[in-house]
Amino acid sequence: MPSTGYIQIRAYESLAQLPLPEVSIAILAHDGTALALRLTDEDGKTEPIAIPTPDAEESLAPEGSRTPFAAIDLYAEKANFVSIKVEDVQLFPGVTTLQELEMIPLSDLPDAYDRQEILETRRQNL
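Fair warning: this is a prediction, and the values are worked out from it, not measured in the lab.

Peer 1: Is there a simple way to explain unusual backbone geometry in this structure?
Peer 2: Despite not being glycine, Gln17 has its phi angle at roughly 55 degrees, a positive value. Locating Gln17 in the fold gives a position in the loop between β1 (3–13) and β2 (18–19). One non-glycine residue, Glu22, adopts positive backbone phi at about 60 degrees. Position of Glu22 among the secondary structure elements: in the loop between β2 and β3 (24–28). With a relative accessible area of 57%, Glu22 lands in the exposed category.

Shown next as structure tokens:
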């Protein structure tokens, strides 16, 4: 029986970490199924988003065949900023994962109008 994990996103710009509102966030399963679509608020955050995860009990035995976390991909876009893709974000049952996104203004990279920043999360060896 599936459990639930949570993800909260915080988008900001510059090293000063200025909150970035109205960033479009799309959370997808690896098969491309949309799990959630959100906009960041005036503080650059989303509310925690519930995502189905495997049960914690499935990770207690070494012979368990399932990975004890759900892995999702996250996309973030805002006009005049470089879009971001974060691959393999790991969500554990009963835990809220905070994903921080530093958005880069296109004005800082004038030749990168169609650039996408891809961040890969290393899978934990559990």
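Peer 1: Please clarify how the side chain of Thr53 should be interpreted in this entry.
Peer 2: Secondary-structure assignment places Thr53 in strand β5 (residues 49–53). Of the residues examined, Thr53 reaches a relative accessible area of 3% and is grouped as buried. Contacts of Thr53, omitting those with residues within four sequence positions, involve Pro2, Ser3, Thr4, Gly5, Ala70, Leu91, Phe92 and Pro93.

Peer 1: Sorry if this is basic, but what is going on with the environment of Ala70 here?
Peer 2: Along the chain, the position of Ala70 falls in strand β6 (residues 70–77). With 65 residues separating them along the chain, Ala70 and Gly5 place their C-alpha atoms 8.2 Å apart. Every residue in contact with Ala70, bar those within four places of it in the chain, is listed here: Pro52, Thr53, Pro54, Val89, Gln90 and Leu91.

Peer 1: Is there a simple way to explain the packing of aromatic side chains in this structure?
Peer 2: Each aromatic ring pair is specified by the distance between its two centres and by the angle formed by the two planes. One pass over the structure, following the stated rule, counts 1 aromatic pair. Ring geometry for Phe69 versus Phe92: centroids 5.3 Å apart, planes at 55 degrees, classification tilted. Note that Phe69 is positioned in the loop between β5 and β6 and Phe92 in the loop between β7 (83–91) and β8 (96–103), a separation of 23 residues in sequence. Taking relative accessible area as the criterion, Phe69 reaches 5% and is therefore assigned buried.

Peer 1: Can you help me understand the pattern of salt bridges in this one?
Peer 2: Proximity of charged atoms lets side chains of opposite charge pair with each other. For the coordinates displayed, the defined rule picks out 2 salt bridges. A salt bridge links Glu100 to Arg10; the shortest N-O distance between them is 2.7 Å. Of this pair, Glu100 sits in strand β8 while Arg10 sits in strand β1, placing them 90 residues apart in sequence. Of the charged contacts, one joins Glu87 and Lys85 as a salt bridge, the two residues approaching to 3.1 Å between their closest N and O atoms.

Peer 1: Sorry if this is basic, but what is going on with the environment of Asp108 here?
Peer 2: Its place among the elements puts Asp108 in the loop between β8 and β9 (116–120). By relative accessible area, Asp108 is classed as exposed at 53%. In the structure, Asp108 is positioned 27 residues away from Phe81 in sequence and 9.2 Å away in space, judged by C-alpha atoms.

Peer 1: I'm lost on the nonpolar core in this one. Help?
Peer 2: The nonpolar side chains of a soluble globular protein tend to be buried with one another. Ile7, Ile9, Ile25, Ile27, Leu74, Leu101 and Met103 are the most contacted members of the largest nonpolar core, which has 20 residues in total. Where this core is concerned, the elements lending two or more residues are β1, β3, β5, β6, β7 and β8. In terms of residue count, the dominant contributor to this core is β7 (4 residues). Once residues lying within four places of it in the same chain are set aside, the contact partners of Met103 are Ala11, Tyr12, Glu13, Ser14, Leu20, Val23, Ala76, Glu77, Lys78, Phe81, Val82 and Ile84.

Peer 1: For this particular structure, what's the right way to read the pairing of β3?
Peer 2: Within a regular strand, side chains alternate between the sheet's two faces. Counting buried positions along β3 yields 4 of 5 residues, so the element is predominantly enclosed. Adjacent in sequence and paired antiparallel, β3 and strand β4 (residues 34–39) are bridged by 5 residues, among which Gly32 carries a positive phi angle near 95 degrees. Bridge count between β3 and β6: 5 bridges; the pairing is antiparallel. Note on β6: the bridge partner recorded for Ser24 is Glu77.

Parameters and conventions
- Residues numbered from 1 in each chain as written.
- Predicted model: local features only at pLDDT ≥ 70, side-chain atom pairs only at ≥ 80, totals over all residues.
- Heavy atoms only, no water.
- Helix = DSSP H or I, 4+ residues; strand = E, 2+ residues; numbered from the N terminus.
- Buried < 20%, exposed > 50% of the residue type's maximum accessible area, 1.4 Å probe, protein only.
- Contact = heavy atoms within 4.5 Å.
- Phe/Tyr/Trp six-rings, centres within 6.5 Å; stacked < 30°, edge-to-face > 60°.
- Salt bridge = Lys/Arg side-chain N within 4 Å of Asp/Glu carboxyl O.
- Core = buried A, V, L, I, M, F, W, Y, C linked by side-chain atoms within 4.5 Å.
- Pairing = 2+ DSSP bridges.

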